[in-house]
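Inside the fold
Residues per chain are reported as follows:
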Amino acid sequence: MTNYSSISDKINKIRTGELSLTGNVKGFLTRINEHKNLNAFNFVFEEDALNVAKRIEEKIKSGKHGKLAGAVIAVKDVLSIKDKPITCSSKILKDFKSLYTATALQKMIDEDAIIIGKTNCDEFAMGSSNENSAFGNVLNPVDNSRVPGGSSGGSAAAVAANLCDAALGTDTGGSIRQPAAFCGVYGLKPSYGRVSRYGLTAFASSFDCIGPFTKNVEDAALILEVISGKDDLDSTSYNSPYNSPVPEYSKNLLTEKKFKIGLPKEYLGEGLSEEIKNAIDSLVKELSSKGFEIIDISLPHSEYAIATYYILTTAEASSNLARYDGARYGYRTENSSTLIDMYKSSRSEGFGAEVKRRIMLGTYVLSAGYYDAYYLKAQKVRRLIKNDFDKAFEKVDLILTPTTPTTAFKIGEKSDDPLEMYLSDIYTTSANLAGIPGISFPYSKDSKGLPIGLQFLSKQFDELRLLQMSYFVQKSIK
Ligand code: GLN
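A brief look at the structure comes next.

Attention now goes to the overall build of the protein chain. Counting secondary structure elements, the protein chain contains 15 helices and 11 strands. Relative to the 2.2 N^0.38 estimate, which gives 23 Å for 478 residues, the radius of gyration of the protein chain is 21 Å and therefore close to what a compact globule would have. The dimensions of the protein chain, computed from C-alpha atoms along their principal axes, are 65 × 55 × 50 Å. A total of 478 residues make up the protein chain; the buried ones form 59% of that total. Sequence separation of at least 24 residues holds for 75% of the intrachain contacts in the protein chain that already meet a minimum separation of 6. Charge separation in the protein chain, taken as the distance between the mean sites of 58 positive and 57 negative side-chain charges, equals 3 Å.

In structure tokens form, the structure reads like this:
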């Protein structure tokens, strides 16, 4: 059913008749059914997917088709598709349907991708384990007693369990890279502004990024090149610096360049599992033996990343989530006597515990008495963290780090301790604070057989180097 190595290879096999696209989509639908226990999907679009498959199969055969022709894509349920439900895995958006389609998705649909369904996630993308969903937990396909990571847990699980070719997720502080690492797939968080956020439900608007989960680097490159670029509907989106066109990533993966790779000491100390540290050491050895220069660097403000991230994102979230009030759309309480009472009860009943915690934290850090001490200060620290990266990238082309301090943890292991849960984002939040891109790639397994993901970071808008480097690792080292 999936005897192809990439989306481009799939298109070739459909063209020559070696593969039936309809059969392939049916195969995915069957697998989705067989793997219902994973709880990866909130909604599956069976009929639509099969209808579109028939049309695209013909297009491929006729030779006139888009770059993602026949690619079966799952989409995190925070992205809008016109007339389809969007819940953000929250009770407060129960029964709500999107009025328009997110730009990133529209671009994929225009290139003939097939949307197979919407994936489960932490409520409003707040979480690291997919345990904060009104649709229930998602299970890690590698070990069902463990979390798939979060917040895009359903997308990561769907790709890892081969329920689709690739998936879209969102990354505000690690929600693509961390679940990709936990499930053993590729997860790419683009630069802030690389991909339009139009049609993405806002969590923290100055952090949110849309990006792909894939089984290989080629597909990540292809999807990124399709979804990137300036969009008039999102004033924070760009093409590239100085408005140069978005690079054709998929055609430029091979390079002879021996990049200089920085190893930040702050990412390799206390708290990092021994086995993940060993994985970094092994990759460093391999890369040096292949002529890459490895340079020790320092990102001195790293220790403030988590605190800064949780002050700024909760502030932005408290403002963004004010729109869910029970009055205009979504869930409304059954029992209220006054307008204020209706707002209060709708929000109290509609939001889950973690979302409420963040709204309260965010309201607090923005309140008159604490704004300077928390919000304003955190904004300044955000700049210092960005400056650390700017300085480092004067010396190196790429930075190598672990994606996560541990491999996938057990369901329930951290759900009673928010601080412990927040620490699982320790190596991912800084990229979002600085606006730079990062990729998590599956590198090895720990002694329990759980995937170990490592991360490359690069300068803002330099996704090409990230992809070239990961492609080299995929081809020559793993
Ligand atoms: N786990 C982080 C959080 O809970 C990141 C979430 C995200 O990237 N959407 O905020």
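Looking now at the state of the cysteines. Taken as a whole and assessed by the stated rule, the structure comprises zero disulfides. Cys121 carries a free sulfur, and the closest cysteine sulfur to it, the one in Cys88, is 6.6 Å from it. We classify Cys121 as buried; its relative accessible area is 0%. Counting only cysteine sulfurs, Cys164 is the nearest neighbor of Cys183, a cysteine outside any disulfide, at a range of 11 Å. According to the relative accessible area criterion, Cys183 is buried, its value standing at 4%.

Close contacts around the ligand come from 15 residues, with Thr172, Gly173, Ser175, Tyr309 and Arg358 the closest. Backbone polar atom of Ala125 to a nitrogen atom of the ligand: 2.8 Å apart, as the coordinates give it. Residue Asp425 places a side-chain N or O atom 2.9 Å away from a nitrogen atom belonging to the ligand. If the ligand stood free it would expose 290 Å²; the protein chains cover 100% of that surface.

The subject of this paragraph is unusual backbone geometry. In this chain, Gly150 is followed by Ser151 through a cis amide linkage whose omega measures 10 degrees. With respect to the helices, strands and loops of the structure, Ser151 is situated in the loop between β3 (114–119) and α5 (153–160). Phi is positive for Cys88, close to 55 degrees, though the residue is something other than glycine. Turning to its location among the elements, Cys88 is positioned in the loop between β2 (72–76) and α4 (103–110).

A few words now on the packing of helix α2 (residues 21–34) against helix α3 (residues 46–62). The contact between α2 and α3 brings their axes to 8 Å, and the two run at 160 degrees. By the angle between their directions, the pair α2 and α3 is classed as roughly antiparallel. With respect to the hand of their crossing, α2 and α3 are arranged in right-handed fashion. Listed contacts from α3 to Leu21, Thr22, Val25, Lys26 and Leu29 of α2 are Glu46, Ala49, Leu50, Ala53, Lys54, Ile56 and Glu57. For the contact of α2 with α3, a count of residues per class yields seven nonpolar, one polar and four charged.

Under the counting rule described, the total for this entry stands at 20 aromatic pairs. On the basis of an interplanar angle of 40 degrees and a centroid distance of 5.2 Å, the ring pair of Tyr371 and Tyr375 is categorised as tilted. Here the residue Tyr371 and the residue Tyr375 both occupy positions in helix α12 (residues 371–395), the gap between them amounting to four residues, near one helical turn. By relative accessible area, Tyr371 is classed as partly exposed at 33%. Accessibility expressed as a relative area gives 14% for Tyr375, which makes it buried. A centroid spacing of 4.9 Å and a plane angle of 15 degrees characterise the contact between Phe441 and Phe456, whose relative ring orientation is stacked. Of this pair, Phe441 sits in strand β10 (residues 438–445) while Phe456 is found in strand β11 (residues 451–457), placing the two residues 15 residues apart along the sequence.

The next point concerns the environment of Ile280. Within the secondary structure, Ile280 is located in helix α8 (residues 274–289). Sequence-distant contacts of Ile280, defined by excluding residues within four places in its chain, comprise Leu263, Leu268, Leu400, Thr401, Pro402 and Leu454.

Counting buried residues along α5, seven of its eight residues qualify, which places the element largely inside the surrounding structure. When α5 is considered as a whole, its buried residues turn out to be Gly153, Gly154, Ser155, Ala156, Ala157, Ala158 and Val159. Residues of α5 that are buried sit in contact with β1 (41–44), β2, β3, β4 (166–171), α6 (177–183) and β6 (209–214). Two residues or fewer past α5, Asn162 is found with a positive phi of approximately 60 degrees.

Before going further, it helps to examine the side chain of Thr119. As for its placement among the helices and strands, Thr119 is situated in strand β3. A relative accessible area of 0% places Thr119 in the buried class. Engagement of the side chain of Thr119 in a polar contact is seen with the side chain of Ser155, the distance being 2.8 Å.

To continue, consider helix α15 (residues 463–476). End to end, α15 covers 20 Å across 14 residues, agreeing with the expected 20 Å (1.5 Å per residue, within 8%). The buried fraction of α15 amounts to 10 of the 14 residues, a majority that puts the element mostly inside the structure. Among the residues of α15, Glu463, Leu466, Leu467, Gln468, Met469, Ser470, Tyr471, Phe472, Val473 and Gln474 are the ones counted as buried.

With that settled, the discussion passes to the side chain of Thr101. Looking at the secondary structure, you find Thr101 in the loop between β2 and α4. On the basis of relative accessible area, Thr101 is assigned to the buried category, the value being 16%. There is a polar contact of 3.0 Å between the side chain of Thr101 and the backbone nitrogen of Lys82. Excluding residues that lie within four positions of it along the chain, Thr101 makes contacts with Ser80, Ile81, Lys82, Gln106, Ile109 and Tyr198.

Cut-offs applied
Residues numbered from 1 in each chain as written. Predicted model: local features only at pLDDT ≥ 70, side-chain atom pairs only at ≥ 80, totals over all residues. Heavy atoms only, no water. Helix = DSSP H or I, 4+ residues; strand = E, 2+ residues; numbered from the N terminus. Rg over C-alpha atoms; globule rule 2.2 N^0.38 Å. Buried < 20%, exposed > 50% of the residue type's maximum accessible area, 1.4 Å probe, protein only. Contact = heavy atoms within 4.5 Å. Lys, Arg positive; Asp, Glu negative; His and termini not counted. Charge placed at Lys NZ, Arg CZ, Asp CG, Glu CD. Disulfide = S-S within 2.5 Å. Near = heavy atom within 4 Å. Polar contact = N/O pair within 3.5 Å; in protein donor to acceptor, adjacent residues only side chain to side chain. Areas by Shrake-Rupley, 256 points an atom, 1.4 Å probe, with all protein chains shown as cover. Axes fitted to C-alpha atoms, helices over the stretch in contact; angles between N-to-C directions. Parallel < 35°, antiparallel > 145°, perpendicular 65-115°, else oblique. Left-handed = near helix turned anticlockwise from the far one by under 90°. Nonpolar A, V, L, I, M, F, W, Y, C, P; charged D, E, K, R; others polar. Phe/Tyr/Trp six-rings, centres within 6.5 Å; stacked < 30°, edge-to-face > 60°. Expected span 1.5 Å × (residues − 1).

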